[in-house]
2 protein chains.
Amino acid sequence: MRTLKVGLIGLGQIGGGVYRLLSGKSAFLKEQAGVFFDLTAISEKDPKRLKILSARFRKRVMPAEKLIRSRDVDCVIELIGGIHPAKEFILGALRNGKDVVTANKALIAEHGKEIFAAAGKYNRRVFFEASVGGGIPVIKALREGLIGNRIESVFGIINGTSNYILTRMSREGLGFSEALALAQKEGYAEKDPTLDVEGIDSAHKLSILASLAFREPVSLSDIACEGIRGIDHSDIAFAAQFGYVIKLLAIGKKTAAGIEARVQPTLVPRNHMLAKVDGPLNAVFLQGDEVGDILLYGRGAGSKPTASAVISDLADIALGRKMVFNPWGAQRRVGTKPVSAISSRYYFRFSVIDRPGVLARISGVLGSNQVSISDVIQTERKSGNVVPLIMLTHDTDEKAVKQAIRRIQSLPVVKGRPQVLRIENEN
Amino acid sequence: MRTLKVGLIGLGQIGGGVYRLLSGKSAFLKEQAGVFFDLTAISEKDPKRLKILSARFRKRVMPAEKLIRSRDVDCVIELIGGIHPAKEFILGALRNGKDVVTANKALIAEHGKEIFAAAGKYNRRVFFEASVGGGIPVIKALREGLIGNRIESVFGIINGTSNYILTRMSREGLGFSEALALAQKEGYAEKDPTLDVEGIDSAHKLSILASLAFREPVSLSDIACEGIRGIDHSDIAFAAQFGYVIKLLAIGKKTAAGIEARVQPTLVPRNHMLAKVDGPLNAVFLQGDEVGDILLYGRGAGSKPTASAVISDLADIALGRKMVFNPWGAQRRVGTKPVSAISSRYYFRFSVIDRPGVLARISGVLGSNQVSISDVIQTERKSGNVVPLIMLTHDTDEKAVKQAIRRIQSLPVVKGRPQVLRIENEN
């Protein structure tokens, strides 16, 4: 029987899950893959986390600097997250002739070029299925299952925390802060939720998916990124009146004018499959020229699903899977399309003083900027009060919208900052 | 650059798609996989089908018997379907040291044991991604992506023809025969639709999925199989009144009492993700002990999606992927649970003479057989006429239902054969 000697760096939520899986399912994995995954070395700085180890494995604890050099390790699993020292550990492991498995989306997204260059130089492999979509084998589907396809778009819900917050806002009529507090209480959001709710985590994952899909590096700076902090519960209610739900979508599309890449809260038709993706779940559509639309759906985070993805990478390494096309080493070909050139339908919510002529005034500004209105809701008619005015547009480009909004915002009858969201009607 | 010399048997719908992909995307595939897929030999008995070949490839046409022995072929793609002579070609190819890619679900389902034994004997590989779910990489997900999981269930919609027919019946209020005629006209059903509408195609595919999932052979004879011919458009309308849609589901579940495996038209809640899978689309849920529920969704048939799956197998062969656990060579462990022991909720439609006391009579028989009713619809009260009586039950086992139905069928006020369908409420 083949043996793969595995060194594990990090015993946090995911690392703990990998330890439990490798130590608890050893016989099962032998039968499944024909491989003994021998966990020969473990590194973890926090002594509290070492408590999960059985006596046998406690003897195998060593500093990461030693683990990545150990002759007793064929493959290093990096699960500490963040850029430093994760990057140094991975580069060190490659230099020492180890293959690498990681769940580190920020690192792959921001330093993919350097990491895959090192992998090439030392003729080693770096696999990262767990970096996107938790246990959903989306990277495997993209790189292997759809290898004969030119990918035209990749889009979906790839941040469970934001989706959980939006789902609770939608179901219970909560405001963002209340829903965030609940998500934190229930372990779906971290104490500092910035990466998740600002869309940065989604952007990291989109950077990886879009690079793989479009076969050239799509970096974080190529991605227009907007989070969900600005979503008011009234937006969710108004969207529902028009038959939409609001989801934080990550969208990558290849067009003749360049690659579109953006993370934005978006109105999705209620009968769209993505509208049914609730709570902490993830779902990704992949659109290929041969295969059409494929949807993959499942738990996008958590200890066990993510460990499942890590094990899949380990098995691929043990079974000799080779690296295929590396987008991070590729030249830019198509380039990125500026978000200002991306046209779509829009949702606006203005806070206006309810006074005769206001609707005509605002419609006039939109019209003179070539922004064409499809639907309007004006509620609570109490003369002189500030009331919401909701407008949906036909397809419009962002430049026209920005000009019109700037002008509308300066009108004395308009109070506060207008809410501007995109609508996706495809599929 | 690596070269894989490929021999293609069969230039029908799928074979033609594979030819077009290999001949038209050669440069793209070289970049994607680092492999030149050299189509060195082609076999097709029907001269009309040879017309799609360019002059260069027309020179490479030869009889299949010669192709499987050719020194110029490393890997044979079998796309003629059916059992004979496909089986002989595959066994011959293995004996001659070739790897094999096939889309032949009937062959794998019915003769998997013999085929994989030969593959083992000659140390060759047989890959069959295209046999289930068209271009959806469901076998790859099951065998590789979820390799660390014990699979608890696999279920979904895996026959596009039946789903297309049910969708049209549901959307347009058509009867089965009308919807079938439309499906045939539009190329979604074959002239002889037996395999599809009787559930046999789904059972072949479920046999493959369940064997892989549960790691022991689940053969066609283990699968309770019922098609959609008996579905009346009134069933679809009544189901809708209760908030359900009718789908032909293939269900495999591992329970302590054995493996459940069945293909049956089933009532699915309207808000379930499977209820949204319309037309010729397929969708499969895989439930793993680590990963939870994964859904894969996409086009389950057609020339291009199926060719996409064949190319994925070819790339895996070229890139050295090894065969993992072979369920067809495994011992039966858990065994199959008889369908009579599977409990679920039920939908009944009786045709009854509308006369006082009929409801009490039928409810009485159900009650005395321990079948508990949850919902009733009795419409069109025209005394003395035959009217439909619809009943939904709580969880009941099939044995009790069969006894009760036999008794009810013998009542003089009950006309014709009662309709009996299962309801799935999970997820």
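Predicted model, so just to flag it, every value in this text is computed and none were measured.

Next up on the list: the packing of helix H1 (residues 13–24) of chain A against helix H13 (residues 303–318) of chain A. Residue and element names in this part refer to chain A. Where H1 contacts H13, the axes come no closer than 8 Å and their chain directions differ by 65 degrees. The handedness of the crossing between H1 and H13 is right-handed. Residue-level inspection shows Gln13, Ile14, Gly16, Gly17, Val18 and Leu21 of H1 in contact with H13, the latter providing Ser303, Lys304, Thr306, Ala307, Val310 and Ile311.

Residue and element names in this part refer to chain A. The domain architecture assigned to chain A consists of domain 1 (2–131), domain 2 (138–298) and domain 3 (343–423). At the interface, 13 residues of domain 2 touch eleven residues of domain 3. Contributing elements (two or more residues each) for the side of domain 2 that touches domain 3: helix H12 (233–241) and strand E9 (258–269). In terms of residue count, the dominant contributor to the side of domain 2 that touches domain 3 is H12 (five residues). Of the residues in the side of domain 2 that touches domain 3, the class split is six nonpolar, five polar and two charged.

Below, the discussion takes up the sheet that holds strand E1 (residues 2–9) of chain B. If you walk across this open sheet you meet the five strands as E2-E1-E3-E4-E5 (chain B), and the pairing is parallel. Bordering the open sheet on either side are strand E2 (35–43) and strand E5 (126–127) of chain B, each of which pairs with just one other strand.

Least-squares fitting of chain B to chain A yields an RMSD of 0.0 Å, with the superposition described by an axial translation of 0.0 Å and a rotation of 180 degrees. Taken together, the turn and the small shift mark the pair as related by a two-fold rotation axis. Closest to the rotation axis within chain B is the C-alpha of leucine 296 of chain B, separated from it by 2.4 Å. Of the residues that chain B buries at the interface, 100% are likewise interface residues in chain A, meaning the two copies contact each other through the same surface.

Turning to the interface of chain B and chain A, a few remarks are in order. Each partner contributes residues to the interface: chain B has 45 residues there, and chain A has 45 residues. Elements supplying a minimum of two residues to the side of chain B that touches chain A: helix H2 (26–33), helix H7 (138–145), strand E11 (292–299) and helix H13 (303–318) of chain B. Bridge count between strand E11 (residues 292–299) of chain A and E11 of chain B: three bridges; the pairing is antiparallel. When the sheet's bridge partners are listed, tyrosine 297 of chain A is paired in E11 of chain B with leucine 295 of chain B.

Two residues of an α-helix separated by three or four positions point the same way, owing to the 3.6 residues in each turn. If you check helix H15 (residues 398–409) of chain B, its first and last C-alpha atoms are 16 Å apart, about what twelve residues at 1.5 Å a residue would give, namely 16 Å. Buried residues along H15 of chain B sit against strand E12 (343–353), helix H14 (358–368), strand E15 (396–397) and strand E16 (414–423) of chain B.

If you look at the biggest cluster of nonpolar residues, it comprises 274 residues, and the most contacted ones within it are Leu314 of chain A together with Leu314 of chain B. Aside from chain neighbours lying at most four places away, what touches leucine 314 of chain A is Leu4, Val6, Phe37, Cys75 and Val101 of chain A.

All right, on to the packing of helix H7 (residues 138–145) of chain A against helix H11 (residues 200–214) of chain A then. All names here are of chain A. As a packed pair, H7 and H11 sit with axes 10 Å apart at the nearest point and diverge in direction by 10 degrees. Between H7 and H11, the crossing angle belongs to the class labelled roughly parallel. Where H7 abuts H11, its residues Ile139, Leu142 and Arg143 lie against Leu209, Leu212 and Ala213. Class assignment of the residues belonging to the contact of H7 with H11 gives a composition of five nonpolar, no polar and one charged.

Below, the discussion takes up the sheet that holds strand E2 (residues 35–43) of chain A. Within a sheet, neighbouring strands are paired by backbone hydrogen bonds and run either parallel or antiparallel to one another. Residues and elements named next belong to chain A. Pairing in this open sheet of five strands is parallel, and the strands run E2-E1-E3-E4-E5 from one edge to the other. Here the strands that pair on one side only, and so sit at the sheet edges, are E2 and strand E5 (126–127). Looking at chain direction, strand E4 (residues 99–102) and E5 are connected through two bridges and run parallel. Paired with valine 100 across the two strands is valine 126, which belongs to E5.

Moving on: the pairing of E2 of chain A. Residue and element names in this part refer to chain A. Buried residues dominate E2, accounting for seven of its nine residues. Pairing of strand E1 (residues 2–9) with E2, which is carried by eight bridges, proceeds in the parallel orientation. Paired with valine 6 across the two strands is leucine 39, which belongs to E2.

Right, let's get into the environment of lysine 399 of chain B. Assignment of secondary structure puts lysine 399 of chain B in helix H15. Between the C-alpha atom of lysine 399 of chain B and that of proline 193 of chain B, which follows or precedes it by 206 residues, the distance is 31 Å.

Let us look at H12 of chain A. Residues and elements named next belong to chain A. Those residues of H12 not exposed but buried are Asp235, Ile236, Phe238 and Ala239. The arc that holds the buried residues of H12, viewed along the axis, is 165 degrees, so those residues lie on one side. Directly beyond the C-terminal end of H12, a positive phi value near 90 degrees is found at glycine 243.

The next thing to look at is unusual backbone geometry. Residue and element names in this part refer to chain A. With omega at 5 degrees, the peptide bond leading from histidine 84 into proline 85 counts as cis. By secondary structure assignment, the location of proline 85 is in the loop between strand E3 (75–78) and helix H5 (86–95). The backbone of arginine 215 sits at a positive phi, close to 65 degrees, despite the residue not being glycine. Structurally, arginine 215 is set in the loop between H11 and strand E7 (224–225). Note on arginine 215: 20 C-beta atoms within 10 Å, which makes it buried. In this structure, glutamine 370 is a non-glycine residue whose phi angle is positive, near 65 degrees. Tracing the chain through its elements places glutamine 370 in the loop between helix H14 (358–368) and strand E13 (373–378). Looking at glutamine 370, the number of C-beta atoms within 10 Å reads 13, which means it is partly exposed.

About the cut-offs
- Residues numbered from 1 in each chain as written.
- Chains lettered and ligands numbered in written order.
- Predicted model: local features only at pLDDT ≥ 70, side-chain atom pairs only at ≥ 80, totals over all residues.
- Axes fitted to C-alpha atoms, helices over the stretch in contact; angles between N-to-C directions.
- Helix = DSSP H or I, 4+ residues; strand = E, 2+ residues; numbered from the N terminus.
- Left-handed = near helix turned anticlockwise from the far one by under 90°.
- Contact = placed C-beta atoms within 7 Å.
- Domains from an automatic or database assignment.
- Nonpolar A, V, L, I, M, F, W, Y, C, P; charged D, E, K, R; others polar.
- Pairing = 2+ DSSP bridges.
- Least-squares fit on C-alpha atoms with pLDDT ≥ 70 in both.
- Expected span 1.5 Å × (residues − 1).
- Core = buried A, V, L, I, M, F, W, Y, C linked by C-beta atoms within 7 Å.
- Buried ≥ 20, exposed ≤ 12 C-beta atoms within 10 Å, placed from the backbone.
- Parallel < 35°, antiparallel > 145°, perpendicular 65-115°, else oblique.
- Arc of directions from axis to C-beta.

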